[in-house]
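# A look at the structure
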Amino acid sequence: MNDEGAPSRPSGRWVSVRLQHRHVSFDEGFEADEPLPDGDCADEASLSYSGIVITSYDRGEKISERWIPLGVDPSEADDERLIEQLREALLWQAGRPPQIAEE
């Protein structure tokens with residue numbers, strides 16, 4: 001933990017996984033795909049949806065960010081896609097190359 005009581009970030013490679021709500025407005029006043037603050041809802045001129053953001057950091061610098069949308073009723077294929085993305089991110093964090101799955 002740091003002085004403010006927050007957990008300290010690793011100094012090498014690390015991965016952040018978090019749930020995020022995104023908002024897309026069909027009005028000209030909003031940016032597309034901007035994060036939606038908690039508690040806000042979509043209206044008839046906009047769309048709100050949830051997803052998982054996987055962000056990879058190396059020595060404190062953001063290297064990549066992947067957005068994986070979550071459907072209201074995710075399919076088995078959606079679950080498999082999420083598992084594969086998490087697996088690849090964690091292998092990268094561990095410094096190991098992704099392995100090709102044998103079928």
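Provided above is the structure to which this section pertains.
Residues numbered from 1 in each chain as written. Predicted model: local features only at pLDDT ≥ 70, side-chain atom pairs only at ≥ 80, totals over all residues. Heavy atoms only, no water.

Turning to the nonpolar core, a few remarks are in order. Among the nonpolar cores identified, the biggest contains 6 residues, and these are Val-15, Ile-52, Ile-54, Ile-68, Leu-82 and Ala-89. Of all the secondary-structure elements, those providing two or more residues to this core are strand 3 (46-58) and helix 1 (76-93). (Core = buried A, V, L, I, M, F, W, Y, C linked by side-chain atoms within 4.5 Å. Buried < 20%, exposed > 50% of the residue type's maximum accessible area, 1.4 Å probe, protein only. Helix = DSSP H or I, 4+ residues; strand = E, 2+ residues; numbered from the N terminus.)

Applying the stated rule across the entire model yields 2 aromatic pairs. Ring geometry for Trp-14 and Tyr-57: centres 4.2 Å apart, planes at 10 degrees, overall stacked. Here Trp-14, found in strand 1 (residues 13-25), pairs with Tyr-57, found in strand 3; they are 43 residues apart in sequence, far enough to count as distant. Take Trp-14 and Tyr-57: they sit in the same class, and that class is buried. Between Tyr-49 and Trp-67 the ring centres are 5.8 Å apart and the planes differ by 75 degrees, which places this aromatic pair in the edge-to-face class. Separated by 18 residues along the polypeptide, Tyr-49 in strand 3 and Trp-67 in strand 4 (residues 61-69) bring together distant segments of the chain. The residue whose ring lies beneath Arg-22 is Trp-67, and the NZ or CZ to ring-centre distance is 4.0 Å. (Phe/Tyr/Trp six-rings, centres within 6.5 Å; stacked < 30°, edge-to-face > 60°. Lys NZ or Arg CZ within 6 Å of the ring centre and 35° of its normal.)

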